[in-house]
Amino acid sequence: MKITSIDVFSCEGGWRTLNFVKVGTDEGITGYAECNCVRSEAILRAAITYLGSLVMGRNPFQTEKIQFDLYRATQRQLGGAAHQAISAIDAALLDIKGKALGVPVYELFGGAFQTRIRTYYTHCGRAEPQNPEVPPVKSPADIPACAAYVKSLGFRDVKVNYPLTPEDRGDITPGTLGKIVEWIGAWQEVLGPECSIALDVAFAFKMAGISKLAKALEPFNMLWLEAETLDPQALKSVRESTSTPICIGESLYRTQGFKPYLEEHALDIIMPDTVWNGITMGKKVADYANTYDILFAPHNSHGVLGGLQAAHLCATCENFKILEYEHDDVPWRNDIVTDPIAIEDGCIELSDRPGFGCDIVEERIAEHPPKTGTSTLARAMGQTR
């Protein structure tokens with residue numbers, strides 16, 4: 001079997017563009033994968049097209065070797081769009097391999113520890129939801145309605161964000177600190193003790209602000225505090241000063257990127273993005289973290305196919321904890337795939353269909369072209385989501 005074509009399809013995805021890779025073979029087996037990024041989709045599509053040209057004529061079963069060769073070809077551009085493109089091609093090849101062998105992708109990595117994948121509802125409490133069914137949250141008074149909606153879907157756990165002020169960059173103001181505590185308390189009150197809450201502040205704060213926030217959140221028995229930094233020793237100092245679990249990883253790539261954080265024991269939960277790191281590399285990262293007794297909870301702010309890519313990896317990992325799930329998404333989320341995800345009691349139940357068990361519907365994708373013009377520029381510059 002040989003790779004004969006690689007195509008990229010894109011459609012509007014709300015606060016990001018949804019991108020899909022299609023890999024064709026000379027035996028008529030087609031592999032699909034989702035690969036999205038935030039604010040730089042044109043670069044990603046170009047990277048997929050270029051790297052795809054390097055694997056024409058290759059045997060798609062050689063997933064490990066192809067993944068390594070593409071990494072070597074882009075090692076001066078470690079991470080970012082280059083590795084996201086590698087990950088897209090890797091996932092599509094695994095889809096081909098699974099379909100050719102008649103097995104789901106998780107069987108290609110030693111089989112499943114679990115096929116029932118626990119999830120949490122992410123981006124909970126948006127002021128302007130993508131999905132028109134989701135109640136907006138513009139003040140604490142709106143939280144009960146949104147919480148009731150989330151619980152009606154069967155989710156037990158959520159991740160929230162908080163709208164920060166310009167004065168909060170670096171450190172955190174006393175006013176914001178108090179409002180975040182009030183915000184988390186309001187969610188916990190209506191969700192109930194059986195639900196856990198994660199808070200994501202990304203790169204908003206330096207460690208002084210993160211340390212204050214982690215201490216203030218201790219009474220809430222958080223699922224975790226998600227805070228990004230490129231300094232593992234600084235993060236370690238925070239982890240050692242608080243009982244709030246610390247989670248990081250969506251901006252890191254490959255085992256080398258996670259190595260200093262694991263060696264420093266700087267975190268409690270590791271969160272690589274499966275679509276950006278890839279399944280072949282994602283499995284290596286998860287197993288590497290397991291040697292340090294670190295839990296694995298992948299980042300997943302993607303669509304249905306991207307979610308399934310993550311879920312198949314989670315199924316193979318002993319240290320899997322929980323998977324992020326993007327429910328508040330564009331209304332056509334399920335229309336552009338053949339087999340939408342069904343959430344039951346907060347879990348994804350993986351099928352035994354070959355590959356990822358889900359293909360894209362190209363004509364439906366074409367019905368929702370990506371945004372262009374000034375609105376795209378504003379989104380790329382971070383002025384809108």
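These lines cover the structure that appears in this document, whether it is placed above or below.

### Description of the sheet that holds strand 1 (residues 3-12)
Sheet architecture is open: three strands sit in the order 1-2-3, paired in antiparallel fashion. A single partner strand is all that each edge strand has here, and the edge strands are strand 1 and strand 3 (31-34). Each strand axis lies, on average, 20 degrees off the axis of its neighbour in the sheet, ignoring direction. When strand 2 (residues 17-25) meets strand 3, the two strands line up antiparallel, connected through four bridges. Across the sheet, the residue bridging to V21 is A33, located in strand 3. Helix 3 (residues 80-101) contacts strand 1, strand 2 and strand 3 of the sheet and is inclined by roughly 145 degrees relative to strand 3.

### Focus: the pairing of strand 2
The element strand 2 is extensively covered by neighbouring structure, given that eight of its nine residues are classed as buried. Sheet topology note: the strand 1/strand 2 ladder contains nine bridges and is antiparallel. Paired with F9 across the bridge in strand 2 is F20. A loop of four residues connects strand 1 with strand 2, the two strands running antiparallel in sequence, and G14 in this loop sits at a positive phi of about 85 degrees. Hairpin connection, strand 2 to strand 3: the antiparallel pair is bridged by five residues, and G28 has positive phi, about 80 degrees.

### Description of the nonpolar core
Counting 114 residues, the largest nonpolar core has I184, W187, L199 and L213 as the members making the most contacts within it. Among the elements that take part in this core, helix 3 stands out by supplying nine residues, more than any other. When residues no more than four places from it in sequence are discounted, the contact partners of L199 are V160, N161, Y162, I180, I184, L213, L217, M222, W224, L225 and E226. By size, the runner-up hydrophobic cluster in this structure holds nine residues, among which are Y120, L223, M271 and I322.

Procedures and definitions
- Residues numbered from 1 in each chain as written.
- Predicted model: local features only at pLDDT ≥ 70, side-chain atom pairs only at ≥ 80, totals over all residues.
- Heavy atoms only, no water.
- Pairing = 2+ DSSP bridges.
- Helix = DSSP H or I, 4+ residues; strand = E, 2+ residues; numbered from the N terminus.
- Axes fitted to C-alpha atoms, helices over the stretch in contact; angles between N-to-C directions.
- Contact = heavy atoms within 4.5 Å.
- Buried < 20%, exposed > 50% of the residue type's maximum accessible area, 1.4 Å probe, protein only.
- Core = buried A, V, L, I, M, F, W, Y, C linked by side-chain atoms within 4.5 Å.

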